[in-house]
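What follows is each chain in one-letter form.
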Amino acid sequence: MQQYNTILRRRLLPALLLGALLTAAGVFFAAPPHQAAAAEAAPPVPKQKLVRGHWSENPEIMRKNHKELLLEGMTNAARATNRKDDNTIERCVTCHIVRDGEKPVSAADPRHFCNQCHAKAGVSIDCFTCHASLPTTDPAVMSPEVRNADTVKERLQQWQKYTQEQAAKGTGK
Amino acid sequence: MSITGNKKTACAESSCMQSRRRFLLGAGAILLAPGVLLTVRPALADETGRQRWGLLIDTRRCVGDCSACVTACSTTHGLVSNGRPATDPQWIRKVQVTDPGTGHVAHMPIMCQHCGNAQCVEVCPTGASLKRADGIVLVDKHLCIGCRYCVMACPFKARGFAHEEVENPSPVSPRGKGSAEGCTMCVHRINKGQLPACVEACARSGHEAILFGDLNDPTSLIAKRVVAFGAAALRADLRTDPSVRYVGVNL
Ligand code: SF4
Ligand code: SF4
């Protein structure tokens, strides 16, 4: 490790810093003024810690951060002894339902919630080779009212009610 | 074979794992080559190692013509048979043993023994096979590369492999083609304070042959019974220190 650190300090860091400086200088001098203005107009979405219910207010935050949230959930779900159930993928798919008539569609369908962006962005995800892509019917994971509500807004309200109840019962970890 | 013995082994095991983890964490992110980073995921803080979940199987109560535990397991974890017995998933096997000396016949379910000294964890090259702080042995399928070393290493034929695509995975038990798998002791139920599905099904069938509990808690029923009955470990000679114990057979 010591060796890595030394190499990192002596060789790589200066080289990387120099590279970054040159790139920045290149971008600064090469970018036409109208592009710089466009970058100012759309401030980058901050990477931030997501908390329960947070993403509903600003979809951009979730669009940007859902991977981190899933990664955290996936490490936690498989390994932690005191599992925190907040961020399971079952909960994602239980709220984000796309229905064909009465029936929710699975990830095999291009209309499935996750597919809508991923198809456009050319991202193939591997979640649903193992995970269920249909809403859970387990009342312990999500109240049936969430699954049965029609609009996203109603589902969100039901979901908030459910998490409050769980917290009151002391079972929501 | 005493409870304290178990506890010691479990603690030694987990502390050794922790120090290894701490070493890796100290490394944080290692630069393998320019542009190739090996990042190590953070360890989780809430692991106490106080509990050790176990099962006690009373073979005197288990009968040959019942398969309630096996059915419950398949339903809970979505284990669907494809009509190919060699590769179909099976997390619990019903086994009949006969004592050649006395002719005494016993029936018992055999699932992952959640060994204190788990060989599957020892051999896994990716860290996918893991032992939780509460003694449950699992596969983190996000990391499993399907090499099947664990399947070879398990002395109890308890580690299986998903050979075929899974059509409708159970929401509570994600599983898919190409990954090792085995009895999870129903962690998803234990996390919620429920009993494992097989234990519940066995009780519902009226046999009550499987008892679930914390082996590290000397006041728990399971710990008391393990002591009182001198419950045996399968292949004790291998010293895998299983969390699943059997009563009523000379193993
Ligand atoms: S029974 Fe097999 S799969 Fe289960 S912990 Fe022991 S070695 Fe691993
Ligand atoms: S099959 Fe998966 S869990 Fe088993 S040893 Fe290989 S990587 Fe580890």
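Look a little higher up for the structure.
Residues numbered from 1 in each chain as written. Chains lettered and ligands numbered in written order. Predicted model: local features only at pLDDT ≥ 70, side-chain atom pairs only at ≥ 80, totals over all residues. Heavy atoms only, no water.

## Here's the deal with the overall build of chain A
Just so we agree on the cut-off: We count a stretch as a helix when DSSP gives it H or I for four or more residues in a row; a strand needs E for two or more, and each element gets its number in order from the N terminus. A contact between two residues is defined here by any heavy atoms of the two lying within 4.5 Å.
In terms of helices and strands, chain A carries seven helices and two strands. The helix and strand sequence of chain A, counted from the amino end, reads α-α-α-α-β-β-α-α-α. Taking all contacts inside chain A whose residues are at least 6 apart in sequence as the whole, residues at least 24 apart take part in 42%.

## Re the overall build of chain B
Note the following rule: Burial classes follow relative accessibility: with a 1.4 Å probe on protein chains only, a residue under 20% of its type's maximum area counts as buried, one over 50% as exposed, and anything between as partly exposed. Every accessible area reported is derived by Shrake-Rupley at a probe size of 1.4 Å, with residue values counting cover from the shown protein chains alone.
From N to C terminus, chain B includes seven helices and 11 strands. A burial count over chain B gives 47% of its 251 residues as buried. A fraction of 59% describes how many contacts in chain B between residues 6 or more apart in sequence connect residues 24 or more apart. A total accessible area of about 12,500 Å² is found for chain B, and carbon and sulfur atoms account for 55% of it.

## Let's talk about the site of ligand 1
Note the following rule: We call a residue near a molecule or strand as soon as one heavy atom of that residue lies within 4 Å of the molecule or strand. Residue polarity follows a fixed list, in which Ala, Val, Leu, Ile, Met, Phe, Trp, Tyr, Cys and Pro are nonpolar, Asp, Glu, Lys and Arg are charged, and the others, Gly among them, are polar.
Around ligand 1, 13 residues are found, and the nearest of them are Cys112, Gln113, Cys115, Cys120 and Cys154 of chain B. Taken together, the residues of the shell around ligand 1 break down into nine nonpolar, three polar and one charged.

## Digging into the pattern of salt bridges
Put simply, the rule reads: In the sections that follow, a salt bridge refers to a side-chain nitrogen of Lys or Arg positioned within 4 Å of a carboxyl oxygen of Asp or Glu.
One pass over the structure, following the stated rule, counts 12 salt bridges over all chains. Residue Asp109 of chain A is joined to Arg111 of chain A by a salt bridge in which the shortest nitrogen-to-oxygen separation is 2.8 Å. A relative accessible area of 17% places Asp109 of chain A in the buried class. Linking Glu200 of chain B and Arg189 of chain B is a salt bridge whose minimum nitrogen-to-oxygen distance equals 2.6 Å. With Glu200 of chain B in helix α6 (residues 197–204) and Arg189 of chain B in helix α5 (residues 187–190), this residue pair connects regions lying 11 residues apart in the sequence. We classify Glu200 of chain B as partly exposed; its relative accessible area is 30%. Overall, Arg189 of chain B belongs to the buried group, its relative accessible area being 13%. One salt-bridge network, held together by shared partners, links Asp100, Asp109 and Arg111 of chain A.

## Comments concerning the packing of helix α2 (residues 68–77) of chain B against α6 of chain B
When two helices pack together, you describe them by how their axes are tilted relative to each other and by the distance separating the axes. Residue and element names in this part refer to chain B. Filter applied, for reference: Helix axes use the C-alpha atoms of the stretch in contact, all axes being lines fitted to C-alpha atoms, and the angles between their N-to-C directions lie in the range 0 to 180 degrees. Orientation is classified from the angle alone, with under 35 degrees giving roughly parallel, over 145 giving roughly antiparallel, 65 to 115 giving roughly perpendicular, and any other angle giving oblique. Crossing handedness: left-handed means the near helix sits turned counterclockwise from the far one by under a right angle, and right-handed means the same turn made clockwise.
At their nearest, the axes of α2 and α6 sit 8 Å apart, and the two run at 140° to each other. Judged by the angle between their axes, α2 and α6 are oblique. Seen along the crossing, α2 lies across α6 with a hand that is right-handed. Contacts from Ala68, Cys69, Ala72 and Thr76 in α2 reach Ala197, Cys198 and Ala201 in α6. When grouped by side-chain class, the residues that make up the contact of α2 with α6 number six nonpolar, one polar and no charged.

## Brief notes about the sheet that holds strand β10 (residues 210–214) of chain B
Residues and elements named next belong to chain B. Short version of the rule: Two strands make a pair as long as DSSP finds a minimum of two bridges between them.
One open sheet holds the three strands; their spatial order is β10-β3-β11, and the pairing between them is mixed. Looking at which strands have only one partner, the edges of the open sheet turn out to be β10 and β11 (244–247). Between one strand and the next, the sheet's axes are offset by a mean angle of 20°, whatever the strand orientation. Here helix α7 (residues 221–229) sits on the sheet in contact with β3 (53–58), β10 and β11, set at roughly 115° to β10.

## Some remarks on helix α3 (residues 59–79) of chain A
Residues and elements named next belong to chain A. Note the cut-off: For a helix, the expected span equals 1.5 Å multiplied by the number of residues minus one. Fitting one axis to the seven residues ending at a residue and another to the seven starting there, the bend at that residue is the angle between the two axes.
If you check α3, its first and last C-alpha atoms are 29 Å apart, about what 21 residues at 1.5 Å a residue would give, namely 30 Å. At Asn65, α3 shows its strongest bend, of approximately 60°. Taken together, the buried positions of α3 are Ile61, Met62, Asn65, Leu69, Gly73, Thr75, Asn76 and Ala78.

## Quick notes on the pairing of strand β4 (residues 93–98) of chain B
Where β4 of chain B meets strand β5 (residues 105–110) of chain B, six bridges bridge the pair, whose relative direction is antiparallel. Among the inter-strand pairings, Arg93 of chain B is bridged to a residue of β5 of chain B, identified as Ile110 of chain B.

## Details of the pairing of β5 of chain B
Burial analysis of β5 of chain B places five of its six residues in the buried class, which makes it a mostly covered element. Counting the residues that bridge the hairpin from β4 of chain B to β5 of chain B gives six residues, and of these Gly103 of chain B lies at a positive phi of roughly 80°.

## A closer look at the packing of aromatic side chains
All names here are of chain B. Threshold: Between the rings of Phe, Tyr and Trp (Trp by its six-membered ring), a pair exists once the centres lie within 6.5 Å; its type follows the angle of the planes, with under 30 degrees stacked, over 60 edge-to-face, and the other angles tilted. Consider the ring centre and the ring normal. A charge sits over the ring if Lys NZ or Arg CZ is within 6 Å of that centre and within 35 degrees of that normal.
Counted by the stated rule, this structure contains one aromatic pair over all chains. Seen from their ring centres, Trp53 and Phe212 are 5.1 Å apart, and the 25° between their planes marks the pair as stacked. In this pair, Trp53 is assigned in strand β3 and Phe212 in strand β10, connecting sequence segments 159 residues apart. Stacked on the ring of Phe229, the Lys or Arg Arg60 has its end atom at 5.1 Å from the ring centre.

## Considering the state of the cysteines
Here, disulfide denotes a covalent bond that connects the sulfur atoms of two cysteines. Applied cut-off: Pairs of cysteine sulfur atoms within 2.5 Å are identified as disulfides in what follows.
As enumerated under the stated definition, the model contains zero disulfides over all chains in all. With no disulfide partner, Cys73 of chain B has as its closest neighbouring cysteine sulfur the one in Cys186 of chain B, 6.6 Å distant.

## With respect to the environment of Glu68 of chain A
All names here are of chain A. Looking at the secondary structure, you find Glu68 in helix α3. For Glu68, a relative accessible area of 37% corresponds to the partly exposed category. Residues Glu68 and Asp126, 58 residues apart in the sequence, show an inter-C-alpha distance of 16 Å.

## A closer look at α2 of chain B
Residues and elements named next belong to chain B. We apply this condition: Directions pointing from the helix axis toward each C-beta atom define the arc.
Along α2, the residues that are buried comprise Cys69, Val70, Ala72, Cys73, Thr76 and His77. One side of α2 carries all its buried residues, which in axial view fall inside an arc of 165°. Looking at the residues trailing α2, positive phi occurs at Gly78, about 65°.

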